[in-house]
Structures are given as C-alpha cells and as structure tokens.
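# Working through the structure, step by step
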Amino acid sequence: MYVLHFTPDTAAMAVRVVLEDLGLPYSARLIDRAAGELASPAYRAMQPLGKIPALETPDGVMFETAAILLWLADRHAPGRLAPAPDSAERAAFLSWFFFTSTNLHPAVLELHYPDRIAGPQAVAALLPLAARRARDALDALERRAATAPGWLSPDRPTLLALYVGMLMRWLGQLPEDHPAQFPAAGWPA
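Residues numbered from 1 in each chain as written. Predicted model: local features only at pLDDT ≥ 70, side-chain atom pairs only at ≥ 80, totals over all residues. Heavy atoms only, no water.

## Regarding the overall build of the protein chain
Check the secondary structure of the protein chain and you find seven helices and four strands. Start at the N end of the protein chain and walk to the C end: the helices and strands fall as β-α-β-α-β-β-α-α-α-α-α. Here the C-alpha radius of gyration of the protein chain, 17 Å, is about what a compact globule of 189 residues would show, namely 16 Å. C-alpha extents for the protein chain along the principal axes are approximately 45 × 45 × 25 Å. (Helix = DSSP H or I, 4+ residues; strand = E, 2+ residues; numbered from the N terminus. Rg over C-alpha atoms; globule rule 2.2 N^0.38 Å.)

What follows is the structure, given as structure tokens:
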C-alpha cells in the first residue's frame, strides 16, 4: 500500500487523482504544516526540501510530482495515462510533461508565493516576470494541445492534462487584486 503525504490543494492533488483513477490502495497522511512538520528531520528524510508531496512506495519514498505521476502510470497502467515507454509518442509526451514541470509549475508557485521565492523586497519585480513565464508556458502548451495529441486529449484523462489542470486551478485561485490574472478561457485547448 502507498502512503501519500499531503496537504489540501497542493501538488499532492494530482498524485491523489492518479492513485484514485488507477484504483490503487493508499492512505493519505495529512502533514501538520502549522507545527513545522515540513522542516522536521523525518519529513526532510523523505523530501529533502520539505515540499509536498512525498509518496511512500514498496520501492522507497518518492518525491517530485512529475516523477511520482510518471512512475505510477508506468508501473500500474502503461499506455493508459501516458504513452507507453516503447510508444512513438513517448518522446513528445516526455518533453511536454517535463516542460510543464520545469517551466509552468515554478512560475505558478512564484505567482502564489512571491515572498517565499524572492523575499518581500523583490515581490514587485518578480510578479511580472513570473506572469510572463506562466503565460509563455501556457501559450506553448495551448499551441501543442490544439494539435490534439493523444497524450493531451480532452476526451480522456492523461498525466499531462491532470497536471496542467491542477496548475490552471491554482492560477484561477489568484486573488482578484493580484496583478496577474489567468482566465481559463484564454487557453481553451
């Protein structure tokens, strides 16, 4: 059985959706952020930077959202949520999956937590840069999604669609007075 270390509405959400979609047995362990659990030696042994999520597996603890998602899909349902390792579509999928992980995800976090990323004195400078990076990543994903590849299909769940959907949710939760707004209608594909 898996153990998912989580807090609500974090990157653990995508992992939990995949665990549920695949019908895998798991328990969810709520992290006590207020008590400083993310900085505890026990949690840092699982996730060296004290970020969420961490997933205990029979093969050891995993961290990093994209790694966990891809591992679960490949291990339990090859070809269902992502192209199988021997598929001709695998290279393109991996490129876009990691593009999302290394470009869109960090920019979204910067928009939500600019003071944590850059310090209070640099928030005003960081926000427009993060917004531009997020828009550029979304625009690139939109162009690719418009070509309707099977691994980013509106007709069935895929790892990339779940990941992007979670990030779009977070962008939609920016406060109304936030200097950057990301209406989902801007990226319909």
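## A word on the pattern of salt bridges
The full count for this structure, using the stated rule, is seven salt bridges. With a shortest N-O distance of 3.0 Å, Arg-169 and Asp-9 are connected by a salt bridge. In this pair, Arg-169 sits in helix α7 (residues 159-172) while Asp-9 sits in the loop between β1 (2-6) and α1 (12-21), placing the two residues 160 residues apart along the sequence. Across the pair Arg-90 and Asp-74 runs a salt bridge, and its minimum N-O distance is 2.6 Å. A residue pair is termed long-range when its members are at least 10 positions apart, and Arg-90 in helix α4 (residues 90-112) and Asp-74 in helix α3 (residues 65-76) qualify at 16 residues. (Salt bridge = Lys/Arg side-chain N within 4 Å of Asp/Glu carboxyl O.)

## Quick word on the sheet that holds strand β4 (residues 60-63)
The strands making up a sheet are joined through hydrogen bonds of the backbone, oriented either antiparallel or parallel. Pairing is mixed in the open sheet, where four strands are placed in the order β2-β1-β3-β4. The outermost strands of the open sheet, each flanked by one partner alone, are β2 (26-30) and β4. Direction aside, neighbouring strands of the sheet carry axes that sit 20 degrees apart on average. Both strand β3 (residues 54-57) and β4 contribute to a ladder of four bridges, which runs antiparallel. Among the inter-strand pairings, Ala-54 is bridged to a residue of β4, identified as Phe-63. Along the sheet face, α1 touches β1, β2 and β3 and points at about 155 degrees away from the line of β1. Along the sheet, α3 contacts β1, β3 and β4; its crossing angle with β4, the most-contacted strand, is approximately 125 degrees. (Pairing = 2+ DSSP bridges. Axes fitted to C-alpha atoms, helices over the stretch in contact; angles between N-to-C directions. Contact = heavy atoms within 4.5 Å.)

## With respect to the environment of Pro-188
With respect to the element layout, Pro-188 can be found in the segment after α7. In this structure Pro-188 comes out as exposed when scored by relative accessible area, which is 68%. It is 36 Å that separates the C-alpha atoms of Pro-188 and Leu-38, two residues lying 150 residues apart in sequence. (Buried < 20%, exposed > 50% of the residue type's maximum accessible area, 1.4 Å probe, protein only.)

## Focus on the packing of α4 against α7
Contact geometry for α4 and α7: axes closest at 10 Å, N-to-C directions at 15 degrees. Classified by the angle their axes make, α4 and α7 are roughly parallel. The chirality of how α4 crosses α7 is left-handed. Here α4 contributes Phe-93, Trp-96, Phe-97, Thr-100, Ser-101, Leu-104, His-105, Val-108, Leu-109, Leu-111 and His-112 to the contact with α7, which in turn contributes Leu-159, Leu-160, Tyr-163, Val-164, Leu-167, Trp-170 and Leu-171. Here the residues of the contact of α4 with α7 sort into 14 nonpolar, four polar and no charged. (Parallel < 35°, antiparallel > 145°, perpendicular 65-115°, else oblique. Left-handed = near helix turned anticlockwise from the far one by under 90°. Nonpolar A, V, L, I, M, F, W, Y, C, P; charged D, E, K, R; others polar.)

## Describing the nonpolar core
Core analysis: the biggest nonpolar cluster contains 61 residues, and Leu-19, Leu-72, Phe-97, Leu-111, Leu-159 and Phe-182 have the highest contact counts within it. Of all the secondary-structure elements, those providing two or more residues to this core are β1, α1, α2 (41-46), β3, α3, α4, α6 (123-145) and α7. Residue contributions to this core peak at 10 residues, all from α6. For Leu-19, the residues in contact, after removing those within four places along its chain, are Tyr-2, Leu-4, Leu-24, Tyr-26, Leu-55 and Leu-72. (Core = buried A, V, L, I, M, F, W, Y, C linked by side-chain atoms within 4.5 Å.)

## A word on the packing of aromatic side chains
All told, the structure shown has seven aromatic pairs when counted by the stated rule. Seen in terms of ring centroids, Phe-93 and Phe-97 are 5.2 Å apart; in terms of plane orientation they differ by 20 degrees. Their pairing is stacked. Taken together, the residues Phe-93 and Phe-97, both in helix α4 and four residues apart, mark about one turn of the helix. For the pair Phe-93 and Phe-97, a shared accessibility class is recorded, and that class is buried. With a centroid separation of 5.0 Å and an interplanar angle of 65 degrees, the aromatic rings of Trp-96 and Phe-99 are classed as edge-to-face. With Trp-96 and Phe-99 both in helix α4 and three residues apart, this pair spans about one turn of that helix. Among the residues examined, Phe-99 registers a relative accessible area of 22% and is labelled partly exposed. Through a chain of ring-to-ring contacts, three or more aromatic side chains come together here, namely Phe-93, Phe-97, Phe-98, Trp-151 and Tyr-163. Positioned over the ring face of Phe-6 is Arg-16, at 4.9 Å from the centre of the ring. (Phe/Tyr/Trp six-rings, centres within 6.5 Å; stacked < 30°, edge-to-face > 60°. Lys NZ or Arg CZ within 6 Å of the ring centre and 35° of its normal.)

Without other data, these values stay purely geometric and don't point to any function.
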